[in-house]
Amino acid sequence: DDAVTYYNRGILYRDLGDDNKALADYNKAMKLKPDYAKAYHNRGILYRDLGDDTRALADFNRATNLNPNFRNPK
């Protein structure tokens, strides 16, 4: 199991419009690598787009806490 592989597939699912599969892959990536700032960031974008601002903000904060110099990786 490779966190980067799940993260990348999550991006692909997101681009294809399958938010449920994207969310599952971002979650799997973070389970495998709990300090994966990019995955938190992208999951935050997904939550924001789904209208869940509370979860989005939590993920954006987590990404920033993990990497204070974080920039959008996509």
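Residues numbered from 1 in each chain as written. Predicted model: local features only at pLDDT ≥ 70, side-chain atom pairs only at ≥ 80, totals over all residues. Heavy atoms only, no water.

## Side note on the pattern of salt bridges
Applying the stated criterion to the full structure yields eight salt bridges. Its salt-bridge partner being Lys28, residue Asp1 comes within 3.9 Å of it at the nearest N-O pair. With Asp1 in the segment before helix H1 (3-15) and Lys28 in helix H2 (residues 19-32), the pair connects residues that are 27 residues apart, well separated along the chain. With relative accessibility at 26%, the residue Lys28 sits in the partly exposed group. (Salt bridge = Lys/Arg side-chain N within 4 Å of Asp/Glu carboxyl O. Helix = DSSP H or I, 4+ residues; strand = E, 2+ residues; numbered from the N terminus. Buried < 20%, exposed > 50% of the residue type's maximum accessible area, 1.4 Å probe, protein only.)

## Focus: the side chain of Asp59
For Asp59, the position within the fold is in helix H4 (residues 53-66). Of the polar contacts made by the side chain of Asp59, one reaches the side chain of Arg43; its length is 2.6 Å. The contact partners of Asp59, leaving out residues within four places of it in the chain, are Tyr40, Arg43, Gly44 and Tyr47. (Polar contact = N/O pair within 3.5 Å; in protein donor to acceptor, adjacent residues only side chain to side chain. Contact = heavy atoms within 4.5 Å.)

## As for the packing of aromatic side chains
Counted by the stated rule, this structure contains two aromatic pairs. With centroids separated by 6.1 Å and ring planes inclined at 45°, the aromatic side chains of Tyr7 and Tyr26 adopt a geometry described as tilted. In this pair, Tyr7 sits in helix H1 while Tyr26 sits in helix H2, placing the two residues 19 residues apart along the sequence. An identical accessibility class is assigned to Tyr7 and Tyr26; each is buried. The structure contains a cluster of three or more aromatic residues connected by ring pairs, namely Tyr7, Tyr26 and Tyr36. (Phe/Tyr/Trp six-rings, centres within 6.5 Å; stacked < 30°, edge-to-face > 60°.)

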